[in-house]
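Each chain is listed here by its residues.
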Amino acid sequence: MSSLAGRYFELCKPRVVALIVFTAIVGMFLAVPGWPPPLPLIAGTLGIGLAASSAAAINHLLDQRIDAVMARTRNRPLPTGQLTITQVLTFAFALGLLSMAILIIWVNVLTAMLTFFSLIGYAIIYTVWLKRATPQNIVIGGAAGAAPPVLGWTAMTGMIDHNALLLFLIIYVWTPPHFWALAIHRRREYAAVDIPMLPVTHGVRFTLWHILFYTILLVIVTTMPFLTGMSGLLYLAGVTVLNIGFLWYALRLLLNHDDALPMQTFGYSIIYLMVLFMFLLADHYLQMLLI
């Protein structure tokens with residue numbers, strides 16, 4: 001039983017979903033001046049997490065052919081036959097239906113609608129079409145992955161605020177350098193399954209320049225919470241250190257030919273986003289104490 005549960009748990013891409021849920025929760029806390037009300041906090045977190053898990057399971061289903069070829073994914077439950085297509089489809093549908101019910105009943109309709117569109121954007125539009133259609137797949141499709149803090153914000157307020165859109169923009173600009181670092185490391189596997197990732201279609205050097213350009217853009221965008229008054233000096237100091245680290249990795253990628261650097265950059269980018277949102281949250285409550 002535990003082994004079967006583990007297979008279903010793997011379908012949810014728990015590490016990816018954990019980051020999604022974390023940024024959504026931070027969005028909830030940033031949306032209110034004090035402590036978020038318990039019901040939308042709990043229900044919103046659960047609903048968003050279940051929707052993200054549903055999208056992940058659909059991704060497993062639609063990518064099973066290429067998953068069977070790529071070394072990183074060939075041991076997933078579907079390629080190995082540990083779960084059937086019917087089991088995965090039923091699981092994904094049940095999670096999606098449950099997430100919508102929770103969000104509509106205990107949060108609000110706007111959050112449910114935005115969550116549904118994000119689910120469709122990632123699980124269907126990105127996975128079925130964009131991923132296979134253009135080397136800009138991760139740039140265009142990144143909008144779905146950038147939605148969680150907006151979902152968290154609307155769960156608390158019932159409306160979309162300009163500060164929520166700024167959080168969206170941060171993740172949207174962060175996504176390409178984050179994912180392209182992984183794509184460089186896995187470029188031969190993507191080429192083998194005809195997925196037109198940027199390093200496959202335009203080469204590694206071209207991709208490295210794009211990582212640097214997007215990292216510079218990320219530095220600008222992540223300074224905006226301070227410039228707009230959303231955050232204070234604590235956030236500015238923290239994000240400046242984080243940005244220096246990201247620029248350092250981007251420059252090292254461009255100037256060195258170390259095969260380990262792309263995955264090191266990918267790992268740093270995950271830590272970067274988590275710590276950045278921690279700084280946003282800490283600064284938010286520090287400003288409240290100072291008022």
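An account of the accompanying structure is given in this report. (Residues numbered from 1 in each chain as written. Predicted model: local features only at pLDDT ≥ 70, side-chain atom pairs only at ≥ 80, totals over all residues. Heavy atoms only, no water.)

When you go through the protein residue by residue, the secondary structure sums to 14 helices and zero strands. In terms of C-alpha radius of gyration, the protein reaches 19 Å, essentially the compact-globule figure of 19 Å for 291 residues. In terms of overall dimensions, the protein has a C-alpha envelope of 55 × 50 × 30 Å along the principal axes. Counting over 291 residues, the protein shows a buried share of 52%. Sequence separation of at least 24 residues holds for 74% of the intrachain contacts in the protein that already meet a minimum separation of 6. For the protein, the accessible area works out to roughly 13200 Å², and carbon and sulfur atoms hold 73% of it. Averaging the positions of the 14 positive and the 9 negative side-chain charges in the protein gives two centres separated by 6 Å. (Helix = DSSP H or I, 4+ residues; strand = E, 2+ residues; numbered from the N terminus. Rg over C-alpha atoms; globule rule 2.2 N^0.38 Å. Buried < 20%, exposed > 50% of the residue type's maximum accessible area, 1.4 Å probe, protein only. Contact = heavy atoms within 4.5 Å. Areas by Shrake-Rupley, 256 points an atom, 1.4 Å probe, with all protein chains shown as cover. Lys, Arg positive; Asp, Glu negative; His and termini not counted. Charge placed at Lys NZ, Arg CZ, Asp CG, Glu CD.)

Here we take up the nonpolar core. W174, Y272, L276 and F277 are the most contacted members of the largest nonpolar core, which has 87 residues in total. Tallying contributions element by element places helix α9 (residues 162–185) first for this core, with 13 residues. When neighbours within four sequence positions are excluded, L276 is seen to be in contact with I170, T222, Y235, V239 and L242. (Core = buried A, V, L, I, M, F, W, Y, C linked by side-chain atoms within 4.5 Å.)

All right, on to the packing of helix α3 (residues 38–62) against helix α8 (residues 148–157) then. The N-to-C vectors of α3 and α8 enclose an angle of 145°; their axes lie 10 Å apart at closest approach. Crossing handedness for the pair α3 and α8: right-handed. Two secondary-structure elements touch here, α3 through P40, L41 and I48 and α8 through L151, G152, A155 and M156. A breakdown of the residues in the contact of α3 with α8 according to their chemical character gives six nonpolar, one polar and no charged. (Axes fitted to C-alpha atoms, helices over the stretch in contact; angles between N-to-C directions. Left-handed = near helix turned anticlockwise from the far one by under 90°. Nonpolar A, V, L, I, M, F, W, Y, C, P; charged D, E, K, R; others polar.)

Attention now moves to the packing of helix α2 (residues 14–31) against helix α14 (residues 261–290). One can describe the packing of α2 onto α14 by two numbers: an axis separation of 10 Å at closest approach and a directional angle of 15°. On the basis of the axis angle, α2 is roughly parallel to α14. The two elements α2 and α14 cross, and the hand of that crossing is left-handed. Along its contact with α2, which presents L19, F22, T23, V26, F29 and L30, the element α14 presents L273, M274, F277, M278, L280, L281, H284 and Y285. Residue composition of the contact of α2 with α14, by class: twelve nonpolar, two polar and no charged. (Parallel < 35°, antiparallel > 145°, perpendicular 65-115°, else oblique.)

With the rule as written, the count across this model stands at four salt bridges. Across the pair D63 and K131 runs a salt bridge, and its minimum N-O distance is 2.6 Å. Here the residue D63 occupies a position in the loop between α3 and α4 (64–67), and K131 occupies one in helix α6 (residues 109–133), the gap between them amounting to 68 residues. The residues D63 and K131 share a single accessibility class, namely buried. Its salt-bridge partner being D63, residue R132 comes within 2.8 Å of it at the nearest N-O pair. Taken together, the residues span a long stretch of sequence, with R132 in helix α6 and D63 in the loop between α3 and α4 at a distance of 69 residues. Take R132: its relative accessible area is 30%, and that puts it in the partly exposed class. On the basis of relative accessible area, D63 is assigned to the buried category, the value being 1%. Three or more residues joined by partner-sharing salt bridges are found here, namely D63, K131 and R132. (Salt bridge = Lys/Arg side-chain N within 4 Å of Asp/Glu carboxyl O.)

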